[in-house]
Number of protein chains: 2
Amino acid sequence: MSEYVAPLRDIQFVLKELAGLDQVAQLPGYEDATVDLVDAVLDEAAKFAEGVLSPLNIPGDREGAKWSANGSANGDGPGVTMPAGFKEAYALFAESGWTALQSDPEWGGQGLPKLVGAAVTEMWKSANHAFSLCPLLTGGAAEALSLCGSDTLKKTFLEKMTSGVWTGTMNLTEPQAGSDLSAIRSRAEPQADGSFRIFGQKIFITYGDHDMAENIVHLVLARTPTAPEGVKGISMFVVPKFLVNADGSLGARNDAWCVSIEHKLGIHASPTAVMAFGDHGGAVGYLVGEENRGLEYMFIMMNAARFGVGLEGVAACERAYQRARDYARDRIQCVETGVRGGPRVPIIRHPDVRRMLMSMRAHAEATRALAYVVGAAHDVATRHPDTATRRRNQAFVDLMIPVVKGWSTEVGIQVASTGIQVHGGMGFIEETGAAQYLRDARISAIYEGTTGIQANDLIGRKMAREGGATLNALIEEMRALDADLGQASGEHFAAIHRRFAAGVEALAEAGRWIVDTYGVDVRAASAGATPFLMLLGIVAGGWQMARAALIAQAKIDAGDTDPFYQDKIVTARFFADHILSQADGLADCITFGAPGVMALDEDRF
Amino acid sequence: MSEYVAPLRDIQFVLKELAGLDQVAQLPGYEDATVDLVDAVLDEAAKFAEGVLSPLNIPGDREGAKWSANGSANGDGPGVTMPAGFKEAYALFAESGWTALQSDPEWGGQGLPKLVGAAVTEMWKSANHAFSLCPLLTGGAAEALSLCGSDTLKKTFLEKMTSGVWTGTMNLTEPQAGSDLSAIRSRAEPQADGSFRIFGQKIFITYGDHDMAENIVHLVLARTPTAPEGVKGISMFVVPKFLVNADGSLGARNDAWCVSIEHKLGIHASPTAVMAFGDHGGAVGYLVGEENRGLEYMFIMMNAARFGVGLEGVAACERAYQRARDYARDRIQCVETGVRGGPRVPIIRHPDVRRMLMSMRAHAEATRALAYVVGAAHDVATRHPDTATRRRNQAFVDLMIPVVKGWSTEVGIQVASTGIQVHGGMGFIEETGAAQYLRDARISAIYEGTTGIQANDLIGRKMAREGGATLNALIEEMRALDADLGQASGEHFAAIHRRFAAGVEALAEAGRWIVDTYGVDVRAASAGATPFLMLLGIVAGGWQMARAALIAQAKIDAGDTDPFYQDKIVTARFFADHILSQADGLADCITFGAPGVMALDEDRF
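Residues numbered from 1 in each chain as written. Chains lettered and ligands numbered in written order. Predicted model: local features only at pLDDT ≥ 70, side-chain atom pairs only at ≥ 80, totals over all residues. Heavy atoms only, no water.

- Under an unreviewed UniProt entry, the name given to chain A is 3-methylmercaptopropionyl-CoA dehydrogenase, and the organism recorded is Rhodocyclus tenuis.
- According to the UniProt record, the Function (unreviewed entry) comment for chain A reads "Involved in the assimilation of dimethylsulphoniopropionate (DMSP), an important compound in the fixation of carbon in marine phytoplankton, by mediating the conversion of 3-(methylthio)propanoyl-CoA (MMPA-CoA) to 3-(methylthio)acryloyl-CoA (MTA-CoA)."
- According to UniProt, the comment filed for chain A under the heading Catalytic activity (unreviewed entry) is "3-(methylsulfanyl)propanoyl-CoA + oxidized [electron-transfer flavoprotein] + H(+) = 3-(methylsulfanyl)acryloyl-CoA + reduced [electron-transfer flavoprotein]". (UniProt positions renumbered as here; feature names shortened; annotations may be inferred.)

**Some remarks on the overall build of chain A**
No. 1: Within chain A one finds 19 helices and 14 strands.
No. 2: When contacts within chain A are restricted to residue pairs at least 6 apart in sequence, long-range pairs at least 24 apart make up 74% of them.
No. 3: As presented, chain A carries roughly 20000 Å² of accessible surface, and 51% of it is formed by carbon and sulfur atoms.
No. 4: Positive and negative charge centroids in chain A, built from 54 and 73 side chains respectively, lie 3 Å apart. (Helix = DSSP H or I, 4+ residues; strand = E, 2+ residues; numbered from the N terminus. Contact = heavy atoms within 4.5 Å. Areas by Shrake-Rupley, 256 points an atom, 1.4 Å probe, with all protein chains shown as cover. Lys, Arg positive; Asp, Glu negative; His and termini not counted. Charge placed at Lys NZ, Arg CZ, Asp CG, Glu CD.)

**Some thoughts on the pairing of strand E12 (residues 283–288) of chain A**
No. 1: In this structure, strand E5 (residues 196–206) of chain A lies alongside E12 of chain A, joined through three bridges in antiparallel fashion. Its bridge partner being in E12 of chain A, Arg-197 of chain A is matched across the sheet by Val-284 of chain A. (Pairing = 2+ DSSP bridges.)

**Quick word on the packing of helix H1 (residues 8–18) of chain A against helix H3 (residues 35–53) of chain A**
Residues and elements named next belong to chain A.
No. 1: At a minimum axis separation of 11 Å, H1 and H3 run at an interaxial angle of 150 degrees. Between H1 and H3, the crossing angle belongs to the class labelled roughly antiparallel. As for the relative orientation of H1 and H3, their crossing is right-handed in sense. Side by side, H1 and H3 meet where Leu-8, Ile-11, Gln-12, Leu-15 and Lys-16 of the first sit next to Val-35, Val-38, Asp-39, Leu-42, Asp-43 and Ala-46 of the second.
No. 2: A breakdown of the residues in the contact of H1 with H3 according to their chemical character gives seven nonpolar, one polar and three charged. (Axes fitted to C-alpha atoms, helices over the stretch in contact; angles between N-to-C directions. Parallel < 35°, antiparallel > 145°, perpendicular 65-115°, else oblique. Left-handed = near helix turned anticlockwise from the far one by under 90°. Nonpolar A, V, L, I, M, F, W, Y, C, P; charged D, E, K, R; others polar.)

**Digging into unusual backbone geometry**
Residue and element names in this part refer to chain B.
No. 1: Positive phi values are uncommon outside glycine, yet Cys-334 reaches one of about 70 degrees.
No. 2: Looking at the element boundaries, Cys-334 is found in strand E13 (residues 332–335).
No. 3: Positive phi is not limited to glycine here, since Glu-448 has a value of about 60 degrees.
No. 4: Counting through the fold element by element, Glu-448 comes out in the loop between helix H12 (434–441) and helix H13 (451–459).
No. 5: For Glu-448, a relative accessible area of 16% puts it in the buried group. (Buried < 20%, exposed > 50% of the residue type's maximum accessible area, 1.4 Å probe, protein only.)

**With respect to the environment of Ala-283 of chain A**
Residues and elements named next belong to chain A.
No. 1: Residue placement: Ala-283 occurs in strand E12.
No. 2: Along the backbone, Ala-283 and Arg-197 are 86 residues apart, and their C-alpha atoms lie at a distance of 5.2 Å.
No. 3: Setting aside its immediate chain neighbours within four residues, Ala-283 contacts Phe-196, Arg-197, Ile-198, Val-239, Asn-254, Asp-255, Ala-256, Phe-277 and Gly-278.

**So, the UniProt feature "domain: Acyl-CoA oxidase/dehydrogenase middle" (unreviewed entry) in chain A**
No. 1: Feature annotation in UniProt places "domain: Acyl-CoA oxidase/dehydrogenase middle" (unreviewed entry) on residues 170–241 of chain A, given in this structure's numbering.
No. 2: With 0% helix and 43% strand, residues 170–241 of chain A has end C-alpha atoms that lie 13 Å from one another.

**So, the environment of Ala-252 of chain A**
Residue and element names in this part refer to chain A.
No. 1: As for its placement among the helices and strands, Ala-252 is situated in strand E9 (residues 250–253).
No. 2: Take Ala-252: its relative accessible area is 48%, and that puts it in the partly exposed class.
No. 3: C-alpha of Ala-252 to C-alpha of Met-598: the two residues are 346 residues apart in sequence and 55 Å apart in space.

**Section: the pattern of salt bridges**
Residues and elements named next belong to chain A.
No. 1: Scanning all chains against the criterion turns up 74 salt bridges over all chains.
No. 2: With its nearest N and O atoms 2.9 Å apart, the salt bridge here joins Asp-577 to Arg-573. Of this pair, Asp-577 and Arg-573 are both found in helix H18 (residues 563–578), four residues apart, which corresponds to roughly one turn of the helix.
No. 3: It is possible to trace a salt-bridge network through shared partners that takes in Asp-10, Glu-122, Glu-318, Arg-361, Glu-365, Arg-368 and Lys-568. (Salt bridge = Lys/Arg side-chain N within 4 Å of Asp/Glu carboxyl O.)

**Here's the deal with the relation of the copies chain B and chain A**
No. 1: Overlaying chain B on chain A yields an RMSD of 0.0 Å, the required transformation being a rotation through 180 degrees with an accompanying axial translation of 0.0 Å. Such values leave the two copies arranged in the relation of a two-fold axis.
No. 2: Most of the interface of chain B is mirrored in chain A, where 100% of its interface residues are also at the interface. (Least-squares fit on C-alpha atoms with pLDDT ≥ 70 in both.)

**Re a negative patch on the surface**
No. 1: Together, Glu-509 and Asp-584 of chain A together with Glu-509 and Asp-584 of chain B give the surface a local cluster of negative charge.
No. 2: With respect to the helices and strands, Glu-509 of chain B occurs in helix H15 (residues 491–518).
No. 3: Among the residues examined, Glu-509 of chain B registers a relative accessible area of 33% and is labelled partly exposed. (Patch = residues over 30% accessible without salt bridge, like charges linked within 9 Å, V, L, I, M, F, W, Y side chains within 5 Å.)

**Comments concerning the side chain of Asn-393 of chain A**
No. 1: Mapped onto the secondary structure, Asn-393 of chain A falls in helix H11 (residues 387–422).
No. 2: Dropping the residues within four chain positions of it, Asn-393 of chain A is found in contact with Ala-377, Val-380 and Ala-381 of chain A.

**Thoughts on the UniProt feature "domain: Acyl-CoA dehydrogenase/oxidase C-terminal" (unreviewed entry) in chain A**
No. 1: In the numbering used here, UniProt assigns the "domain: Acyl-CoA dehydrogenase/oxidase C-terminal" (unreviewed entry) feature to residues 292–458 of chain A.
No. 2: Segment residues 292–458 of chain A splits into 73% helix and 4% strand. End C-alpha atoms: 25 Å apart.

**Some points on the packing of aromatic side chains**
No. 1: Taken as a whole and assessed by the stated rule, the structure comprises 28 aromatic pairs over all chains.
No. 2: Between Tyr-90 of chain B and Phe-131 of chain B the ring centres are 6.3 Å apart and the planes differ by 50 degrees, which places this aromatic pair in the tilted class. You can see Tyr-90 of chain B sitting in helix H5 (residues 86–95) and its partner Phe-131 of chain B sitting in helix H7 (residues 129–148), a full 41 residues away along the chain.
No. 3: Taken together, the ring pairs in this structure connect Phe-48, Phe-86, Tyr-90, Phe-93, Trp-98, Trp-124 and Phe-131 of chain A into an aromatic cluster.
No. 4: When the ring centre of Phe-564 of chain B is taken as reference, the NZ or CZ atom of Arg-9 of chain B above it lies at 4.1 Å.
No. 5: Between Arg-383 of chain B and the ring centre of Tyr-30 of chain B, over which it is positioned, the NZ or CZ distance is 4.2 Å. (Phe/Tyr/Trp six-rings, centres within 6.5 Å; stacked < 30°, edge-to-face > 60°. Lys NZ or Arg CZ within 6 Å of the ring centre and 35° of its normal.)

**Some details on the interface of chain B and chain A**
Accessible area lost during the coming together of the parts is what is often quoted as the interface size.
No. 1: Across the contact, 91 residues belong to chain B and 91 residues belong to chain A.
No. 2: Carbon and sulfur atoms supply 58% of the area buried between chain B and chain A, which totals about 8100 Å² over both sides.
No. 3: Contact with chain A buries area across many residues of chain B, yet Phe-428, Glu-602 and Phe-605 of chain B alone supply 11% of it, more than any other trio.
No. 4: Seen at the junction of chain B and chain A, the total is 14 salt bridges.
No. 5: Glu-336 of chain B is the salt-bridge partner of Arg-523 of chain A, the closest N and O atoms lying 3.3 Å from each other.
No. 6: With nine residues, the single largest contributor to the side of chain B that touches chain A is helix H19 (residues 583–598) of chain B.
No. 7: Of the residues belonging to the side of chain B that touches chain A, the class tally is 37 nonpolar, 26 polar and 28 charged. (Buried area = accessible area lost by both parts, 1.4 Å probe.)

**Overview of the packing of helix H10 (residues 351–383) of chain B against helix H18 (residues 563–578) of chain B**
Residue and element names in this part refer to chain B.
No. 1: Where H10 meets H18, the axes come as close as 9 Å, and the angle between the chain directions of the two elements is 100 degrees. Accordingly, the angle class assigned to the pair H10 and H18 is roughly perpendicular. Contact residues: H10 offers Arg-355, Met-358, Ser-359, Arg-361, Ala-362, His-363, Glu-365 and Ala-366, while H18 offers Asp-567, Lys-568, Val-570, Thr-571, Phe-574, Phe-575 and His-578.
No. 2: In the contact of H10 with H18, the residues fall into six nonpolar, four polar and five charged.

**Notes on helix H1 (residues 8–18) of chain B**
Residue and element names in this part refer to chain B.
No. 1: In terms of burial, H1 is largely enclosed, as eight of its eleven residues are buried.
No. 2: What H1 keeps buried is the set Leu-8, Asp-10, Ile-11, Gln-12, Phe-13, Val-14, Leu-15 and Leu-18.
No. 3: In the core, the buried residues of H1 are packed alongside helix H2 (21–24), helix H3 (35–53), helix H6 (114–127), H10, helix H17 (529–557) and H18.
No. 4: Just past H1, the residue Gly-20 takes up positive phi, approximately 70 degrees.

**With respect to the environment of Glu-431 of chain B**
All names here are of chain B.
No. 1: Here Glu-431 lies in the loop between helix H11 (387–422) and H12.
No. 2: The exposure class of Glu-431 is partly exposed, given its relative accessible area of 38%.
No. 3: C-alpha separation for the pair Glu-431 and Gly-419, spaced twelve residues apart in sequence, amounts to 14 Å.

**A closer look at the nonpolar core**
No. 1: Ranked by size, the top nonpolar core spans 419 residues in total, and within it Tyr-372 and Phe-532 of chain A together with Tyr-372 and Phe-532 of chain B carry the most contacts.
No. 2: Discounting chain neighbours no more than four positions away, the residues touching Tyr-372 of chain A are Ile-11, Val-14, Leu-15, Ala-19, Leu-115, Ala-118, Ala-119, Glu-122 and Leu-311 of chain A. (Core = buried A, V, L, I, M, F, W, Y, C linked by side-chain atoms within 4.5 Å.)

**Section: the side chain of Gln-436 of chain A**
All names here are of chain A.
No. 1: With respect to the helices and strands, Gln-436 occurs in helix H12 (residues 434–441).
No. 2: When its relative accessible area of 4% is taken as the criterion, Gln-436 is described as buried.
No. 3: In this view, Gln-436 contacts Asn-57, Ile-58, Asp-61 and Glu-430; residues no more than four positions away in its chain are not counted.

Here it is, written out as structure tokens:
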């Protein structure tokens with residue numbers, strides 16, 4: 001059994017060398033994010049992840065969150081009891097200021113950049129995926145309230161959510177309204193005092209109830225009586241578990257109850273609630289912003305949440321890699337390949353095991369690099385004084401969020417599955433822990449929008465709508481890097497250059513086809529959406545790995561003897577030959593594959 | 001919730017059109033396997049799978065096999081109780097003659113070809129993976145006894161194993177001896193009466209104990225006192241749970257006990273036993289065949305078992321496909337892509353969902369076709385009167401067993417995971433059933449030799465040792481088919497031809513590289529072993545899909561209006577554009593990828 005060790009060396013390399021932490025620290029409001037401060041934050045986060053969250057990961061999975069008819073934290077009705085240790089860990093998490101890391105200083109937050117938040121979030125997620133969802137959702141809900149809520153709402157809720165004394169949720173899904181939020185039926189009836197009464201059932205509500213915080217602030221999508229049909233008739237409401245008195249103290253229990261939780265493949269310690277609003281007269285809710293703009297507001301937190309879920313892919317790769325590597329070092333089995341009669345060796349010596357480990361490692365590094373670079377671009381897009389710079393970065397972020405979400409999480413599943421494989425039969429035994437990573441990682445490609453939803457968002461809103469402009473700018477940037485690669489010497493760079501050049505051209509060709517086809521035959525374009533998302537992920541991941549390799553070579557050339565840099569170059573080379581090599585096939589399946597997708601009659605499946 | 005429906009139409013097409021059931025039925029001893037008889041067998045098997053085994057699949061997973069200190073079927077010590085319904089289902093299974101289907105008529109078997117057995121086994125595995133393992137192991141143990149055991153052993157055990165009154169197991173693995181059987185330490189001490197006393201612990205013993213049969217016949221690998229080190233010192237012993245009296249009745253309880261079972265990711269209803277032999281004085285065992293030839297004998301049953309496990313990949317694809325398809329037809333979500341304000345439609349209308357379903361379907365059909373064709377070749381290799389024909393077919397079987405095992409099971413995992421994805425959030429909820437398919441399928445790429453073990457067997461014993469002769473013959477056969485494809489008309493065949501031709505050449509190039517490299521740098525070759533296994537699987541699967549498409553077109557040209565044939569062509573086309581398109585990338589990662597696999601120092605992981 002191996003516990004998580006935060007990969008601080010690679011995290012710091014990506015922050016400083018690839019994502020430009022020093023530029024981010026020059027943005028207005030981020031001046032405190034000095035290298036020293038960030039190093040200290042990362043060290044503390046690593047200690048917390050390793051020492052507090054990781055040891056709870058397996059016990060939390062085994063015990064699971066438990067619902068009971070009288071399980072509410074206050075014993076006043078149905079509710080959820082968290083696994084042993086989670087309440088104490090959450091209290092320590094909040095006290096240590098981790099809930100406030102990226103929040104607005106106005107409400108007690110530390111206001112650190114998203115780039116730093118990304119690194120810290122990755123650690124929480126590697127250490128304990130199930131635990132990490134509670135602060136993720138709280139942060140998203142607070143961000144939506146902060147951007148769209150009235151001053152009263154902000155004053156009432158944000159300080160407590162920032163300090164973590166209260167947590168938050170997103171209540172979107174209903175049984176008939178999953179990916180299709182236009183089908184939402186929950187009702188909001190206006191009251192004389194300006195508040196609303198909310199009625200309806202919501203499902204799949206992460207941390208919809210638990211016993212770790214004094215109050216839970218539900219953001220709920222519902223329709224007012226005069227709302228138009230479809231997505232333009234959805235409003236957002238704050239529905240706290242306990243009403244809040246004028247002095248900020250907790251008042252009456254609201255009519256918002258967790259009536260059951262789901263029995264899931266993974267993230268057993270994260271309660272997935274069925275929430276009943278208004279079964280006993282109506283849940284008191286307060287409108288956020290304007291009526292009928294709820295979906296727009298929800299997308300604010302959704303984009304943040306999608307980025308956060310993308311980090312789950314990075315985290316799954318890293319954690320599965322660490323455990324598989326540790327096992328492969330310890331497990332003695334068979335003599336070395338090609339050696340007769342030699343001693344038995346650790347399985348890390350066997351080429352196929354090493355191939356699996358390299359694939360896991362390369363995916364962890366590539367997904368991390370891409371996610372952090374997008375995180376930094378978000379910071380620039382939010383804070384940079386120059387409008388054009390902000391816009392350019394925002395366009396890049398908008399393009400890449402579905403890729404960070406979709407690609408990283410799909411890869412996270414594959415890597416977690418490979419991690420089981422490295423263990424052989426032991427991987428299938430639950431006590432080993434490797435299987436939990438697959439079970440937990442599996443949800444990341446589904447919630448906050450499935451990979452298919454991300455892919456259609458990518459090719460539609462993020463590419464076709466603007467004629468592929470942002471993608472083309474990105475491709476130009478990649479081509480410029482490829483020219484640098486062509487100048488680098490050595491067989492590793494020759495391999496990286498060869499594969500990256502081919503990958504970029506495959507991406508360019510497929511991107512052109514998607515943009516050209518979208519307006520003519522949107523179904524054909526959509527048939528290639530997910531392969532295109534994967535292609536963009538692979539090439540963008542390869543781009544970051546190639547950048548990293550060039551930077552590493554420059555360090556070596558400058559006399560730096562840290563072996564980290566040579567490792568980075570060989571890992572980039574592995575990524576090129578083994579992962580970037582898929583690019584042509586993906587491009588072909590996009591540009592030629594649509595007829596095969598659509599040719600079978602629906603009733604012949 | 002959807003129950004399994006046996007895909008009889010495709011099974012029959014593959015049996016008759018691709019695998020040559022009529023030729024198999026002309027082989028000596030198989031004359032009874034007429035089309036009518038086989039159709040009747042398939043119909044009955046479908047009824048049993050659908051009506052008896054499939055309904056127990058989810059309850060069996062939920063309840064699981066249970067070990068207790070006094071759980072032996074006879075209440076005489078520790079043992080395993082099966083989930084409700086399994087004992088009755090197994091009794092009916094045995095009574096109906098399913099355990100005897102492929103067995104030697106001398107012991108009461110029906111002696112049907114492996115080709116027919118493959119189709120029936122696929123159904124058991126789709127309907128209830130966990131249940132299917134008991135007869136799979138029994139069949140393998142009986143086969144080994146039948147080929148290697150003394151007349152006395154055969155007479156004592158084979159009739160009861162054939163009728164299913166007794167079941168069988170394979171006891172290979174020990175904690176320190178997983179993939180590496182040379183490390184086995186279990187001891188066998190010779191007794192004056194010619195029997196042995198067996199001492200040792202075995203782990204991962206599938207159906208090592210259960211309450212469904214009167215006796216369990218363990219085949220156990222152990223070392224005699226004079227045995228040489230390594231694999232050449234391993235002998236095989238029969239160790240029955242209950243000793244057998246001279247009249248065939250059950251005698252004393254043997255000193256072979258299941259001391260615990262594993263808590264696993266999947267196949268919860270299949271007890272995975274830790275077996276203790278000889279803790280109470282020694283377990284009575286009988287030598288099978290000659291001393292020190294145990295590994296050789298075990299490989300007889302291992303090859304059969306590997307083929308059977310390969311069918312688990314087919315079965316996982318089929319079952320996951322069926323459930324996802326049913327869900328996609330029922331689940332209404334979002335308007336049709338490209339239609340504004342239209343009605344909400346079943347998600348099967350959405351191109352990305354259809355892409356996933358086509359991928360699942362194409363993989364089910366391709367893995368099935370390849371496995372059955374290999375099964376038929378086994379029958380020819382075993383029974384054909386002509387020596388050269390037998391040899392040629394045996395070489396093909398030997399080459400393809402690791403591919404049927406490795407590729408089909410890897411694909412089964414991917415497809416089961418895709419099945420979850422089609423369900424969106426519901427896929428993550430255990431009650432839906434889709435998650436169980438992934439949990440169950442995950443083991444298939446591990447037991448009976450991991451994919452890496454299969455891949456190294458493929459490139460070493462099956463290719464390099466003979467200079468690639470069998471592979472090259474196969475490639476020539478593929479090229480001949482490709483010439484036929486070039487003559488076929490229509491866009492679907494143009495696409496299939498284009499991709500298949502490229503795939504075959506990629507395979508040829510990579511195969512040449514593997515054979516050339518193996519003798520020079522075995523570690524480099526081994527680094528490409530698994531990608532090569534996947535490449536061969538993809539191209540061989542594409543070969544069968546292309547054969548199927550040409551046959552289907554001939555039927556259409558001859559006036560057959562069964563829409564099955566057009567479906568087959570479009571599915572083959574999907575396979576070509578979406579799966580065969582990966583061939584070039586795989587070949588590149590084999591021929592260029594070894595340095596990236598091996599470049600990182602072991603202590604730098």
